[in-house]
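# Observations on the model geometry
What follows is the residue order along each chain.
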Amino acid sequence: MRETLAAAWEAHRRRDWQAARSGFIEAATVEPLSADGTFALADAAWWLGLVEESLAVGEQAYRRYLDGDRPERAAMAAIHIAVDLLLRGDGVLGAGWIRRAQRLLEDQPEAPERGYLLYLTEVEAGLGGPECDQVAAAAVRVGALGRECADPNLVALGILGEGRALLKQGRTVEGFALLDEAMVAVLTEELSPEWAGNIYCHLMAACHELGDVRRAAAWTRATTEWLTTLPAAVLFTGICRVHRSQVLQATGGWDEAEEEAARVCEDLEHIHVASAAEAHYQVGELRRLRGAFDQAEDAYEQARARGRDPQPGLALLHLDRGRQGLAASAIASSLAGNDDQLGRLRLRAAQVEIALRGEDVELAEEAAEEVAAIAERFGCDGFVATSQAVRAACLLARERPEPALALLRAACWTWRELGLSYDAARAGVLLARAYAAVGTGTARRGSSRRLAGCSSDWVRSATPGSSRVCWAKLAVLAGSQLERSRCSPRSRPGARIVRSPNDWSSASGLWSVTCRTSS
């Protein structure tokens, strides 16, 4: 019995969750586990994705800590149970266990358990609200308590929480510096794996929210080795795949991105509902871009059913299907009452495209102004490029191509530097349209070169199955003359049919013909 139990503890220490679980279960057949052993068994079961088992065993640990007059440890068990319930979407039960932990710690001296509770109730819970100063102050208290109690988890969580609060305030340089510091602790210090994973998830979420693809890609590479220390860790390998899918989508690896997201939909369905919802949204985005509209709509609805707002993706899907009115109302509904600046930027950018399709230039300009204000506040390269592109689209709608040229050149350059081939291509098509609208022979040649130049960007994000949609989007952005020429070769003298997204020599010549025949 002693050898089996010692082996189980050793397996738990080296994070071999399967061996730890088997060892603790075997030892428990001889005599009941201690409160600490029961808690360790619950932990191992959770890492293996056995959530129901983890919750049941966790409640046993909670009772054994109470029976042993160890209120601080009972509170920690209650916190873990609460987190498990909240992650899978059981908010009411989770809140009840949080309250149990609070009650147990009310009359106890300062201890690490109080720091974890503070982190959950005032940092994690506060990040979704407007009181960023209060969140930052709470995070500082968490870190201070961690230093006082010599708890590296709390120190790192305090740094993380303060960084996230600063990012929400638009202090991106300071905020990301703190997040990077917290991630260094993940890779170099002996943090508990659940809190290390929490820090990683926050970092990647911040990178996605702020469009910092470079930082996301760098930390994705850096954490690959770290994940090997968590064998069979169903939750965090799943969350890592969500973030990897987002990076792959942004940089053009659509096939692999969809495979990663689809796996997460299944693996995390009953463990982490928010990540499963985000994975369904990812699948919807990738299928929309490929032109699989019915499958995309189903994925967006799956995301909605799990609490994830399917906008702006679903609205853009309606637009791709020619339902401009439905797209406009969907994006307006999502914007109503939404005070999150980061979320509003993406919604407003989509609203520009939707409004312009409906010839509502004033609404598009209003949306573009807000995008510009948010981009200026946060200062992220991707946000600035988005602002430049939507403002240029509005200028083109007002038949002012000259000022649009400089904005689009800058946007194209930024997105290429960031490795965002799809966004670079979209801006490149608008730039070709601006060159064509200027009207001089030199400008027309510039438009032809620009359209051909964006070919490599679009091809990197296109697949054979997405050819039709890539061309449809290209036609809309270019003013629909291109698509008419492609579909009806007799409608323009000398026009050629483009049969593949790789046939860019045809595209270049076709655009030149369009410019000549429309001038």
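Residues numbered from 1 in each chain as written. Predicted model: local features only at pLDDT ≥ 70, side-chain atom pairs only at ≥ 80, totals over all residues. Heavy atoms only, no water.

### Regarding the layout of surface pockets
- Space inside the second largest pocket adds up to approximately 580 Å³.
- Lining the second largest pocket are 29 residues, and of these Arg15, Leu191, Ser192, Pro193 and Glu194 sit closest to its centre.
- Looking at the lining of the second largest pocket, the elements that each hand over two or more residues are α1 (2–13), α3 (35–47), α5 (71–87), α10 (172–188) and α11 (193–209). (1 Å grid on protein atoms, 1.4 Å probe; cavity = no way out; pocket = protein on both sides within 12 Å on 5 of 7 lines; lining within 4 Å. Points joined across faces, edges and corners; volume = space filled by probe spheres on them. Helix = DSSP H or I, 4+ residues; strand = E, 2+ residues; numbered from the N terminus.)

### A look at the pattern of salt bridges
- In this structure the tally under the stated criterion is 37 salt bridges.
- Its salt-bridge partner being Asp16, residue Arg14 comes within 3.6 Å of it at the nearest N-O pair.
- Salt-bridge contacts for Arg348 lead to Glu370; the nearest nitrogen and oxygen are separated by 2.7 Å. Residue Arg348 is found in helix α19 (residues 341–357), and its partner Glu370 is found in helix α20 (residues 361–378); the two are separated by 22 residues along the sequence. The same class applies to Arg348 as to Glu370, namely buried. (Salt bridge = Lys/Arg side-chain N within 4 Å of Asp/Glu carboxyl O. Buried < 20%, exposed > 50% of the residue type's maximum accessible area, 1.4 Å probe, protein only.)

### Some points on the confidence of the model for the protein chain
- For the protein chain, the average pLDDT comes to 84, and 83% of its residues sit at 70 or higher.
- Note on residues 455–519: pLDDT is under 50 here. Beyond four places in sequence and across chains, it has 116 contacts. (pLDDT = per-residue confidence, 0-100. Contact = heavy atoms within 4.5 Å.)

### Let's talk about the nonpolar core
- Residues Tyr119, Leu157, Ile199, Leu210 and Phe383 are the most contacted members of the largest nonpolar core, which totals 108 residues.
- Top contributing element to this core by residue count: α5, with 10 residues.
- Setting aside anything within four residues of it in sequence, one finds Leu157 in contact with Tyr116, Tyr119, Val142, Trp195, Asn198 and Ile199. (Core = buried A, V, L, I, M, F, W, Y, C linked by side-chain atoms within 4.5 Å.)

### Details of helix α2 (residues 17–28)
- The terminal C-alpha atoms of α2 lie 16 Å apart, and with 12 residues this matches the ideal 16 Å at 1.5 Å per residue to within 8%.
- Those residues of α2 not exposed but buried are Trp17, Ala20, Gly23, Phe24 and Ala27. Projected onto a plane normal to the axis of α2, the buried residues spread over an arc of 130° and lie on a single side.
- Residues of α2 that are buried sit in contact with α1, α3 and α11. (Expected span 1.5 Å × (residues − 1). Arc of directions from axis to C-beta.)

### Regarding the packing of helix α6 (residues 91–105) against helix α7 (residues 112–124)
- Where α6 meets α7, the closest approach of the two axes is 11 Å, and the angle between their N-to-C directions is 140°. By the criterion of interaxial angle, the relationship of α6 to α7 is oblique. Viewed along their axes, α6 and α7 form a crossing whose handedness is left-handed. On α7, the residues that touch Ile98, Ala101, Gln102 and Leu105 of α6 are Glu113, Arg114, Leu117, Leu120 and Thr121.
- Across the contact of α6 with α7, the residue classes tally to five nonpolar, two polar and two charged. (Axes fitted to C-alpha atoms, helices over the stretch in contact; angles between N-to-C directions. Parallel < 35°, antiparallel > 145°, perpendicular 65-115°, else oblique. Left-handed = near helix turned anticlockwise from the far one by under 90°. Nonpolar A, V, L, I, M, F, W, Y, C, P; charged D, E, K, R; others polar.)

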